[in-house]
Amino acid sequence: MQEELIAPLREDLSFSPAPADDGGAPVWMLHDPVANTFLRADWAHFEVLKRLDKPQSLPQLLERLKAQTTLRLTPEEVREFIHDLMLKGLLRSQLVRDADQLRKEKERARLSPLKWFIHHYLYFRVPVIYPDAFLARTADRMRLLVSRPALAAYAVMALCGLHLLVQRFDLYLATAADFLNWQGALSFGAALACVKCLHEFAHAYAAKLLGNRVKSMGLAFIVLWPVPYCDVTDSWRMDSRSRRMLISSAGILCELVLAAFALTMWGMAENPL
């Protein structure tokens, strides 16, 4: 019986180096531009991926690994990894398959709206805008907001706001009580929505300024609860942990700057109430 052939990797996939693991071994990220996802590959997996360049049987692949590397992987280990690649859709579908088989696969992949909801109610995303072109046009202007003089100004403003808060803390507590009505709740909700939009744009601009794409922004539903999201998964191609951390923390830093500005303006107002 003829050995079933393993399909090669898709041609549009790309590799990029990633930070080494805890033991110092090299690590790579495999990027799927269609799904905009990343697969982390250690040295053994990377050597397998490099040799998925043509249709071949499992014994042929194992023989190439044995002849060209010091790896001694078992057939079960390689077969499991290949199966995982197939499930993620990373292998080419150019190998000949029966038309009925293709039709059945398509039917299995199709879900009714009810089944889709049952499978995805825990988490799903609804893209609202595709901001990459807008971010590219405006990113240079945003550099002024993250320059060293700007960061120094934010620090001074935060200290001023805290100083004014200490001086007028009793008045601050009295002001907070104004939100205990429906007008205050509406005002708080509108302000929170604006802050969260700026939060996500801070992630987006941080990613764009560091050379990454921002594919989409919109709403993510976590157990049907809506929260804004910004797709910055492209940053996983970066090999700098500090830069990825900067992108992840940009939203919080933006909120801290807004809080410092609001607190300072409140403290300088003659009648905050």
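Scroll up a little and you will see the structure.
Conventions adopted
Residues numbered from 1 in each chain as written. Predicted model: local features only at pLDDT ≥ 70, side-chain atom pairs only at ≥ 80, totals over all residues. Heavy atoms only, no water. Salt bridge = Lys/Arg side-chain N within 4 Å of Asp/Glu carboxyl O. Helix = DSSP H or I, 4+ residues; strand = E, 2+ residues; numbered from the N terminus. Buried < 20%, exposed > 50% of the residue type's maximum accessible area, 1.4 Å probe, protein only. Axes fitted to C-alpha atoms, helices over the stretch in contact; angles between N-to-C directions. Parallel < 35°, antiparallel > 145°, perpendicular 65-115°, else oblique. Left-handed = near helix turned anticlockwise from the far one by under 90°. Contact = heavy atoms within 4.5 Å. Nonpolar A, V, L, I, M, F, W, Y, C, P; charged D, E, K, R; others polar. Polar contact = N/O pair within 3.5 Å; in protein donor to acceptor, adjacent residues only side chain to side chain. Pairing = 2+ DSSP bridges.

Draft legend 1. Geometry of the pattern of salt bridges. This model, assessed by the stated rule, comprises 12 salt bridges. With its nearest N and O atoms 3.8 Å apart, the salt bridge here joins Glu 11 to Arg 92. Taken together, the residues span a long stretch of sequence, with Glu 11 in the loop between strand E1 (5-6) and strand E2 (14-18) and Arg 92 in the loop between helix H3 (75-87) and helix H4 (99-109) at a distance of 81 residues. In this structure Glu 11 comes out as exposed when scored by relative accessible area, which is 68%. Asp 132 is the partner of Lys 208 in a salt bridge, and the nearest nitrogen-oxygen pair spans 2.8 Å.

Draft legend 2. Structural detail: the packing of helix H2 (residues 58-68) against H3. H3 packs onto H2 with a crossing angle of 110 degrees between their chain directions and a minimal axis gap of 11 Å. Viewed along their axes, H2 and H3 adopt a mutual orientation that is roughly perpendicular. At the point where H2 passes H3, the crossing takes the right-handed sense. Residue-level inspection shows Leu 58, Leu 61, Leu 62 and Leu 65 of H2 in contact with H3, the latter providing Pro 75, Val 78, Arg 79 and Ile 82. A per-class count over the contact of H2 with H3 returns 7 nonpolar, no polar and 1 charged.

Draft legend 3. The arrangement of the side chain of Asp 234 in detail. Positionally, Asp 234 belongs in the loop between strand E8 (225-230) and helix H10 (241-268). For Asp 234, a relative accessible area of 4% corresponds to the buried category. Of the polar contacts made by the side chain of Asp 234, one reaches the backbone nitrogen of Arg 213; its length is 3.0 Å. In contact with Asp 234, other than residues within four places in its own chain, are His 31, Phe 38, Asn 212 and Arg 213.

Draft legend 4. Layout of unusual backbone geometry. Despite not being glycine, Val 223 has its phi angle at roughly 50 degrees, a positive value. Within the secondary structure, Val 223 sits in the loop between strand E7 (217-222) and E8. For Leu 224, which is not a glycine, the phi torsion comes out positive at approximately 70 degrees. Looking at the element boundaries, Leu 224 is found in the loop between E7 and E8. A relative accessible area of 45% places Leu 224 in the partly exposed class.

Draft legend 5. Region of the structure containing the sheet that holds strand E4 (residues 37-41). Pairing in this open sheet of 3 strands is antiparallel, and the strands run E2-E3-E4 from one edge to the other. If you trace the sheet from one side to the other, it starts and ends with E2 and E4, each paired once. Ignoring strand direction, the axes of neighbouring strands in this sheet form an average angle of 30 degrees. Sheet analysis places E2 next to strand E3 (residues 27-32), joined by 5 bridges and oriented antiparallel. For Ala 18, the partnering residue across the bridge sits in E3 and is Val 27. Helix-sheet contacts for helix H1 (residues 43-50) involve E2, E3 and E4, and the interaxial angle to E4 is about 115 degrees.

Draft legend 6. Expanded view of H1. Residues Ala 44, Phe 46, Glu 47, Val 48 and Leu 49 constitute the buried set of H1. Where H1 is buried, its residues touch E2, E3, E4, H2 and H3.

Draft legend 7. Layout of the pairing of E4. Pairing of E3 with E4, which is carried by 5 bridges, proceeds in the antiparallel orientation. Of the residues in E4, the one forming a bridge with Trp 28 is Ala 41. The hairpin turn running from E3 into E4, its antiparallel successor, is 4 residues long, and Asn 36 in that turn takes a positive phi close to 55 degrees.

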